[in-house]
Amino acid sequence: AGVGYDMAALQGLDDVDVVLRREDVIVSDVVLGHGNFGEVRKAVLKTDGGELPVAVKWLRDHPTGRESERFIHEILLMQTVGKHVNIVSMIGCCLDVNKRCMLVVEYCPLGDLQTYLRKINIKSWYVNDFNVDRVGLPITVNDKENTMLDTGNTSLATNGGSPPMVFNNCYLYHDEENVFLTIEDLIRFASQVANGMVFLEQNHIVHRDLAARNILLSDYHTIKICDFGLSRDIYEQNHYKKSNCGDPLPIKWMALESLKYRVYTTQSDVWSFGVLLWEIMMLGSIPYPTICLSKIYEVLRRGYRLPRPNLCCYRLYEIMLGCWQSNPANRPKFASIKDAIDGIMENQY
Ligand code: ADE
């Protein structure tokens, strides 16, 4: 490793409160994510009470000075913001045998939201699939495992799972998790992200890279906003374009003013939140699939916006459009976005 890196790592660690003992962190071979910037692996942390599943991040082998700087910045930021249910929490930090700094964070078993959403299928509902007791109300389903499904609660939280809401004879099914989802479950993801963003805003933190790939899902489908500032390089590279200062940029998630002046504020995070909302309602599709990155700014400046996803009601689409107001001051605040989304859920969508 470069000399600059070791120094940065050691210097950074001086300010970290929770320095873990290296021998207590048992790293596995399971790679949870990787990219240019570094690698994330599954690990367990030995504690007094037993073992805790965790995720460990490293910088890659020969990081640039800027990468090391951002890594340390990230760690210190995570430490200062403190804990919130919808933010991935930092557990601690330590140096590995090669003096590489490792960041230990809580493990989110369901992985990142983009990958999760892409495994949701819209299936059409044939009468054969269900025993129907009243028109439109399936009571049992015979799926591959031949499970009996109860009626009643159709939400994911208690999903054994119940037959889902049915729209146009279709339902949402997560192939890997083997659960039904409702549109309300999707909207609840968005509400939780907004909730985490209210907290970041209160702590004067601008995320700069809010996107489904940077959101993790924990137990009970709790949303965790992931390592702000660091996470941007962890996943797919092709959404990013190199900027003047060397950091790649997530063009399709960026607000007009960020594209033009590289200005980032909570209100530019609100724009990205709108795109994230669109990703959720499109089950993980790539935004503006036909527009190349170099044209995005011009297309948006002329007033074009992402179209309303089929699963998205008009009230929710209005929130998206609000997030994409050209003038940042006209965009809603995260607190009111959260209230509006919760209002939509209360009215049964
Ligand atoms: N991928 C990246 N970070 C992760 C985490 N904390 N838990 C699970 N998967 C991850």
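Procedures and definitions
- Residues numbered from 1 in each chain as written.
- Predicted model: local features only at pLDDT ≥ 70, side-chain atom pairs only at ≥ 80, totals over all residues.
- Heavy atoms only, no water.
- UniProt positions renumbered as here; feature names shortened; annotations may be inferred.
- Helix = DSSP H or I, 4+ residues; strand = E, 2+ residues; numbered from the N terminus.
- Axes fitted to C-alpha atoms, helices over the stretch in contact; angles between N-to-C directions.
- Parallel < 35°, antiparallel > 145°, perpendicular 65-115°, else oblique.
- Left-handed = near helix turned anticlockwise from the far one by under 90°.
- Contact = heavy atoms within 4.5 Å.
- Nonpolar A, V, L, I, M, F, W, Y, C, P; charged D, E, K, R; others polar.
- 1 Å grid on protein atoms, 1.4 Å probe; cavity = no way out; pocket = protein on both sides within 12 Å on 5 of 7 lines; lining within 4 Å.
- Points joined across faces, edges and corners; volume = space filled by probe spheres on them.
- Phe/Tyr/Trp six-rings, centres within 6.5 Å; stacked < 30°, edge-to-face > 60°.
- Buried < 20%, exposed > 50% of the residue type's maximum accessible area, 1.4 Å probe, protein only.

Looking at an unreviewed UniProt entry, one finds the protein named receptor protein-tyrosine kinase, with Sipha flava as its source organism.

A few words now on the UniProt feature "binding site: ATP" (unreviewed entry) in the protein. UniProt records the feature "binding site: ATP" (unreviewed entry) at Lys57, using the numbering of this structure. In this structure, Lys57 sits in strand β3 (residues 51-59).

Where helix α4 (residues 183-202) contacts helix α6 (residues 266-281), the two axes come as close as 10 Å, and the packing angle between them is 165°. Compared by their axis directions, α4 and α6 come out roughly antiparallel. Two packed elements cross with a definite hand, and for α4 against α6 that hand is right-handed. Here Ile183, Leu186, Ile187, Phe189, Ala190, Val193, Ala194, Met197 and Glu201 of α4 come into contact with α6, specifically with Thr266, Asp269, Phe273, Leu276, Leu277, Ile280 and Met281. Per-class residue counts for the contact of α4 with α6 are 13 nonpolar, 1 polar and 2 charged.

Let us now look at empty space enclosed by the protein. One pass over the full model with this rule turns up 1 cavity of 30 Å³ or more. If you add up the space inside the largest cavity, you get close to 50 Å³. What lines the largest cavity is simply Arg208, Asp209, Leu210, Pro250, Trp253, Met254, Ala255, Ser258, Tyr264, Ser268, Asp269 and Ser272. Top element by residues in the lining of the largest cavity is α6. It accounts for 3 residues. Split by residue class, the lining of the largest cavity holds 6 nonpolar, 3 polar and 3 charged.

Turning to the packing of aromatic side chains, a few remarks are in order. Ring pairs (aromatic) are described by centroid distance and by the angle formed between their planes. Tallying each qualifying case throughout the model produces 4 aromatic pairs. Relative to Phe334, the ring of Phe273 has its centre 5.8 Å away and its plane inclined at 85°; by these criteria the two rings are edge-to-face. Taken together, the positions of Phe273 in helix α6 and Phe334 in helix α9 (residues 334-346) put the pair 61 residues apart, joining distant regions of the chain. Phe334 sits in the buried class, given a relative accessible area of 0%.

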